[in-house]
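Residue-level listing of the chains:
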Amino acid sequence: MSKVDKLLKSINTFIQKAEEEDEEKLIDILPDIPELDEIPGLVEEFEKMTAKLLRQQRKLFLDELKAFIAKDDSETLGSLLNYFQNDLFAADEFAVVFGVEAALFLTNTTSSLSKIIMESIDKDVAFNVLSKRTTDWIESWSEELAEIMKLNTHKAIETQLIEAINAGESIAQVELRLKDLPQFDRKRARTTAITEVLTASSHAQFESYNQSPAVTGKQWKHSGYAKIAPRHTHVLLDGTIVGVNEKFDVDGELADYPRDPTLSAYNRVNCHCAMGPVVDEKIIGLSQEEKEAIRQEALQELNA
Ligand SMILES: [Zn+2]
């Protein structure tokens, strides 16, 4: 197995273990690869930050709920639902703050992983900067992710309120429902952090292959996992090679890599497929100057 394949396998093993053992400290399940030392710390920090923002969001809604009843105790659950939909959801700043933090996390992890992936492909061509195409992608995906998470929370609150109205519950019961909402809990923060480190890892590969002159293509590798039935199309894709900037065809959906956020949830969620570089040894053998010139040309295109 080549150095880069070994490295990518270790990254995937780490993420898989992190997903399966939700109580373990990330640092304890790190494979024995010194280059990866930084990653668990980054993921843990992001998980903590996300958990904190979710707690703040819960507190905001619960405080507002209490203030709303305190003002007038004859308020009905119907008017409370209106208040959430028309005022509170608009005042929720979760997406703004989380979007900024997610962009920071993705920038740090993508840079850190690109550095070790490029080094493992060809140490003559070291990583030094993310292309504009990647920083643009990080910016737009962070915003989109933040928005999706926020809407998901609002939708869950709405559902709880409507259920409470239909069941004729009291305000105290509604308060309990909101307190216990899984959208606010630590598990969601952890799942988000793990999913996004996977995304960063894929994107770092995409970036590294683009910046590494010796990489001429990318290969899809199917990988299952015990609890999930393999998706037929992902199994069929195993071994498929496309150009670095060509897309994989997953069930008619186009993707730059496994779990590409452009894929539908069906093809993204719980997918443990991997990707590897196709390396041209002749290009590895070129002089450092020649390879650097090829990289600069590629970067110019990515920055255009
Ligand atoms: Zn898959």
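Residues numbered from 1 in each chain as written. Predicted model: local features only at pLDDT ≥ 70, side-chain atom pairs only at ≥ 80, totals over all residues. Heavy atoms only, no water.

Participant: Sorry if this is basic, but what is going on with the coordination of the zinc ion here?
Facilitator: Around the zinc ion, the donor atoms from the protein are His234 (ND1), Cys271 (SG) and Cys273 (SG), and they sit 2.1 to 2.4 Å away. Taken in chain order, the donor set of the zinc ion reads H-x36-C-x1-C. Highlighted residues: histidine 234 in helix 8 (residues 232-237) and cysteine 271 in the loop between helix 9 (265-268) and strand 5 (274-279), separated in sequence by 37 residues. Among the residues examined, histidine 234 registers a relative accessible area of 2% and is labelled buried. (Donors = N, O, S within 2.8 Å, 3.2 Å for Na, K, Ca; no water. Helix = DSSP H or I, 4+ residues; strand = E, 2+ residues; numbered from the N terminus. Buried < 20%, exposed > 50% of the residue type's maximum accessible area, 1.4 Å probe, protein only.)

Participant: What is the right way to look at unusual backbone geometry in this model?
Facilitator: Within the chain, aspartate 251 stands out as a residue other than glycine whose phi angle is a positive 60°. Along the polypeptide, aspartate 251 turns up in the loop between strand 3 (248-250) and strand 4 (253-255).

Participant: Could you clarify how one ought to interpret the pattern of salt bridges in this entry?
Facilitator: Where charged atoms of side chains with opposite charge meet at close range, the side chains can pair. This model, assessed by the stated rule, comprises 16 salt bridges. The closest approach of N and O atoms between lysine 291 and aspartate 122, which form a salt bridge, is 2.9 Å. One end of the pair, lysine 291, is in helix 11 (residues 288-303); the other, aspartate 122, is in the loop between helix 4 (94-121) and helix 5 (132-166), and 169 residues separate them in sequence. Each member of the pair, lysine 291 as well as aspartate 122, carries the same accessibility label: buried. Aspartate 124 is the salt-bridge partner of lysine 291, the closest N and O atoms lying 2.9 Å from each other. A residue pair is termed long-range when its members are at least 10 positions apart, and lysine 291 in helix 11 and aspartate 124 in the loop between helix 4 and helix 5 qualify at 167 residues. With relative accessibility at 27%, the residue aspartate 124 sits in the partly exposed group. Three or more residues joined by partner-sharing salt bridges are found here, namely Glu47, Arg186 and Arg190. (Salt bridge = Lys/Arg side-chain N within 4 Å of Asp/Glu carboxyl O.)

Participant: Can you walk me through the sheet that holds strand 5 in this structure?
Facilitator: By way of backbone hydrogen bonds, the strands of a sheet pair with one another, either parallel or antiparallel. Ordered by their spatial adjacency, three strands build an open sheet running 2-1-5, and the pairing between neighbours is antiparallel. Both outer strands of the open sheet, strand 2 (241-243) and strand 5, are each paired with one neighbouring strand and no more. Direction aside, neighbouring strands of the sheet carry axes that sit 35° apart on average. Of the pairings in the sheet, the one linking strand 1 (residues 215-221) to strand 5 comprises six bridges and is antiparallel in character. Paired with lysine 221 across the bridge in strand 5 is alanine 274. The strands touched by helix 7 (residues 186-211) are strand 1 and strand 5; relative to strand 5, the strand with the most contacts, the crossing angle is about 10°. (Pairing = 2+ DSSP bridges. Axes fitted to C-alpha atoms, helices over the stretch in contact; angles between N-to-C directions. Contact = heavy atoms within 4.5 Å.)

Participant: I keep staring at the packing of aromatic side chains and nothing clicks. Help me out?
Facilitator: Two aromatic rings, taken as a pair, are described by how far apart their centres are and by the angle between their planes. Using the criterion set out here, one finds ten aromatic pairs in the structure. Arranged with centres 5.6 Å apart and planes meeting at 45°, the rings of phenylalanine 61 and phenylalanine 84 form a pair that is tilted. With phenylalanine 61 in helix 2 (residues 38-71) and phenylalanine 84 in helix 3 (residues 77-91), this pair connects stretches of sequence that are 23 residues apart. The class of phenylalanine 61 is buried, set by a relative accessible area of 1%. When the ring of phenylalanine 61 is compared with that of phenylalanine 184, the centres are 6.5 Å apart and the planes differ by 45°; the resulting orientation is tilted. One end of the pair, phenylalanine 61, is in helix 2; the other, phenylalanine 184, is in the loop between helix 6 (171-179) and helix 7, and 123 residues separate them in sequence. By relative accessible area, phenylalanine 184 is classed as buried at 3%. A network of ring pairs unites the aromatic residues Phe46, Phe94, Phe98 and Phe105 as a single cluster. Residue placement shows lysine 71 over the ring face of tyrosine 83; its charged tip is 5.7 Å from the ring centre. Over the aromatic face of tyrosine 266 sits the side chain of arginine 231, whose NZ or CZ is 5.8 Å from the ring centroid. (Phe/Tyr/Trp six-rings, centres within 6.5 Å; stacked < 30°, edge-to-face > 60°. Lys NZ or Arg CZ within 6 Å of the ring centre and 35° of its normal.)

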